[in-house]
Amino acid sequence: MRTHLRKWSLPNLALWLIAAVAVALPLTSWAQLTKADIAVRDNMEAHIGNLTGHINADSKYAYRRYCVSCHGDLGDGNGEVAQWLDPPMWPKPRNFQLGVFKCRSTPTGTLPTDQDLFDTIARGLDRSAMPQWSTFTKQERADLVAYVKHYSPRFATEKPGTPITIPPEPEVTPDRIKAGRDVFARVQCWKCHGVQGNADGPSAPTLQDDLGRPIAPYNFTEGSRPKCGDTDADIYRIFMTGLDGTPMPSFADNIKPDEAWDLVFYLRTFMAQSSKAKQLAKGLQLKPVDPNAPAGQ
Amino acid sequence: MYDLRHLQRRNLTKLSSSLVALSLLAIFIVLASSQPANALPAFARKYGLRCSACHESWPMLNYFGQKFKDNGYQIMNDRDAPIWQNPGYWPVTMRMTPIWHRVSVGKVQEDVYSGGSTTPTGATVARLTTQGFDLSGLDFHTGGTLEKNISFYLLPSSDPTGAFHFETVMARLDNVFHTPWLNIKLGKFELDNLLSEKRILTLTGNGGIYQLYHFIPTNDGNIFGQMGDNQLGLEVLGHSWNDRTRYSAALLSSSDGTTQLPYGNAYTGFFTFYTAFDAGKMGVDRVGGYAMIGQAPTTWATQTGPSGSTIIPGSGIGNKNFSREGFYGLFYFGEHADVTVVTQHGEDNAWFGQGYGDFIDGIAPNNNVTGTTLPAGSQNPTWNGVLVEPHFVYSPQLIFLGRFETIRMSQQANGAFGTEASNLGNITTYTVGFRYNPFMTNRAGFAWHNEYNWLHQDGTGPSLGLNSANINTSELLMGFDFDF
């Protein structure tokens, strides 16, 4: 008994407290930031070409007018409307404090460039409540990029990743479409997106984002635009950067650039939008990949 | 002896000091208590956007709201079709406005009783002032999408007595052939004005309309060129993907929006074009123009029965021309200040100017039956006008607004033979006010509305040989403008 008491003597207790604090401190860094925490980054800037975005009365006003209902006063994605958005049909608003963004030109795990955020504001995010804010002036958008960045401490301590290089798009050919089908099978895109690209893969119902919320894979056949842009290069970029915060990984280490273009062409054959790949595929009589075939069929 | 005048002056000074202090306090409370604005009903409920996302101040659209409207009430995120909404969602908004107002109308002709007579012994011209509590009409707004790229809007609206009419009833095919340059609308709808009267921020009798959009020369019988009224017809509208360049062309029945075709078979065209440009830190500015070119009847068939001669509805022929055209400009000066300018040159055919036109409602006293001729020297009445409306948006919840309009006749219908003054019917009007939304939620909106309007018109009041016949009318209005 004495021994037990000695074990909880004052020095020991102090050590335990210090240890507990040491463990808790990193955890608190994930907790929601306060206005004061955020305000220390009021000098944040954004640089897009010749434009410099600032945090000023105008950007605060614009954020309050257009953004705050979803993204919230603290940029934590907890605006008054967030509670009514039910994923996966209506994804929750982005939590800017985490500094994690889907649409980037930079490698997975890195911060997006200012240009990425600038483009996302104008393009919006299809199949979500994020409209296309193409009505803003470029200066307004640049200011809003600075405003979005100031919510996350990551932008104060890290630099954005280096944008990936996208090689010139090759000519689409039947062989390339067939090769794209092989890539589709090899990296198992079908597990989420389904063998015909209609988002009914076996993993689709179980998908969650990094915050544990349900998320749906992209349905290539429904006619909507890919989330981060609808050009071939935009689709290419998604394979190579991934959509951070979602189950869509980066395949930069698994797919060679040439193969990525092949995959773009194959995916175009699923999509409702007309394309040369879709026209060529009509003569190929391609069958959907076989989920039960040996890996790399 | 105590100087009573001094006491009164001192009390007045005290009173005015107190009033100034109270006013400053009220302004401080209003400014200090501005809270973040939430979404307005119907569309805001559907999309989770605050009213301020689409409206400079409800109901006036900002650029994003205009784009949303031009896309057929869609934000184009592939979630616009009702199938994506909660089944319980019902896109309805109701709006009504209880008010207090004081209206002072100059130059009302009144009978005079004198010498103990119980019958009028003469007439005089006097000012009539009325004040008290009142109600606006009731609007039921419902609109949205029936399916992706098929949208609708329905607005049954009542006057303050509860008598309903259909203000807007339209369906629209959006992005026909997958291009935003082709959208087709059919029904009764607001004309595609850059500054739409249906989205006006003011509520008084004279300030609650744009005089420029309704101007009719004195004694003119043409009611059909009123750009402020919703019209029946077919509209084709197109715009660039970011809505910076727009056009619209509408074919309208010359009925001023009245259903059942009481007037005849005439048509009016309404055309707009405008483009926006990035003015850097100033904002996105717009410039453009419009033209309304139409015909309307002046001849009506009649029918004689036991109760005498009556007009046969729908029988209007003898169509004559009219036109209104002008420029629009919407200029921002940073995030908080903007000014809209609209100009107009208007012209009616000489027949309208001589009191032919809407004979069926008795607005035009003359019927252009066979053998009728115009007085020698008759000419087309023409006029020019300008409207300037500045806003200062302190926050999405507090807007200060003003308006100045002036319309000047440049040619009277009677020409050289007429006795009327060259300025007969000229209008000048000022409106100032503010709207404060102490709160807004995504379920309801509420504005404390305050407004003052003053209107002057030359020569249209009774004169009875006394002074001029110019009319000065003023209205002070305070109300709660709410919707849910």
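For clarity, every value in this text was computed on a predicted model and none was experimentally measured.

### A word on the overall build of chain A
Counting its regular elements, chain A contains twelve helices and two strands. Helices and strands in chain A line up, N terminus first, as α-α-α-β-β-α-α-α-α-α-α-α-α-α. By residue count, 40% of the 297 residues in chain A fall in the buried class. For chain A, the proportion of contacts with a sequence separation of at least 24, taken over those separated by at least 6, is 64%.

### Some points on the pairing of strand 12 (residues 267–278) of chain B
Successive side chains on a regular strand alternate, one facing one side of the sheet and the next facing the other. Residue and element names in this part refer to chain B. Pairing geometry for strand 11 (residues 245–253) and strand 12, over nine bridges, is antiparallel. Counted as the bridge partner of Ser253 is Tyr267 from strand 12. Relative to strand 13 (residues 284–296), strand 12 runs antiparallel, the two being bridged by eleven bridges. Bridge pairing in strand 13 links Phe273 to Gly289. What sits between strand 12 and strand 13 in their antiparallel hairpin is a turn of five residues, with Gly280 showing a positive phi close to 65°.

### Considerations on helix 6 (residues 138–149) of chain A
Residues three or four positions apart in an α-helix share a direction because the helix packs 3.6 residues into each turn. Residues and elements named next belong to chain A. Taking 1.5 Å per residue, twelve residues should reach 16 Å; helix 6 reaches 17 Å between its end C-alpha atoms and fits that length. With eleven of twelve residues buried, helix 6 is to be regarded as a mostly interior element. Every buried residue of helix 6 is accounted for by Gln139, Glu140, Arg141, Ala142, Asp143, Leu144, Val145, Ala146, Tyr147, Val148 and Lys149. The elements touched by buried residues of helix 6 are strand 1 (45–48), strand 2 (51–54), helix 4 (57–71), helix 5 (114–123) and helix 7 (154–157).

### Considerations on the domain arrangement of chain A
All names here are of chain A. You can read the domains of chain A as domain 1 (36–157) and domain 2 (174–282). Taking only C-alpha atoms into account, the centre of domain 1 sits 26 Å from that of domain 2. Each partner contributes to the interface: domain 1 provides 18 residues, whereas domain 2 provides 18 residues. Of the residues assigned to the side of domain 1 that touches domain 2, the class counts are eight nonpolar, four polar and six charged.

### Let's talk about the interface of chain B and chain A
Taken residue by residue, the interface counts 29 residues in chain B and 27 residues in chain A. Contributing elements (two or more residues each) for the side of chain B that touches chain A: helix 3 (51–54) and helix 4 (63–70) of chain B. Sorting elements by how many residues they give to the side of chain B that touches chain A places helix 4 of chain B first, with three residues. For the side of chain B that touches chain A, the residue count by class is twelve nonpolar, nine polar and eight charged.

### Some details on helix 10 (residues 232–241) of chain A
Residue and element names in this part refer to chain A. Taken together, the buried positions of helix 10 are Ile235, Tyr236, Arg237, Ile238, Phe239 and Thr241. Of the surrounding elements, those touching the buried residues of helix 10 are helix 11 (257–270). Note on helix 10: the residue one or two positions beyond its end, Gly242, has a positive phi of about 70°.

What counts, and where the lines are drawn
Residues numbered from 1 in each chain as written. Chains lettered and ligands numbered in written order. Predicted model: local features only at pLDDT ≥ 70, side-chain atom pairs only at ≥ 80, totals over all residues. Helix = DSSP H or I, 4+ residues; strand = E, 2+ residues; numbered from the N terminus. Buried ≥ 20, exposed ≤ 12 C-beta atoms within 10 Å, placed from the backbone. Contact = placed C-beta atoms within 7 Å. Pairing = 2+ DSSP bridges. Expected span 1.5 Å × (residues − 1). Domains from an automatic or database assignment. Nonpolar A, V, L, I, M, F, W, Y, C, P; charged D, E, K, R; others polar.

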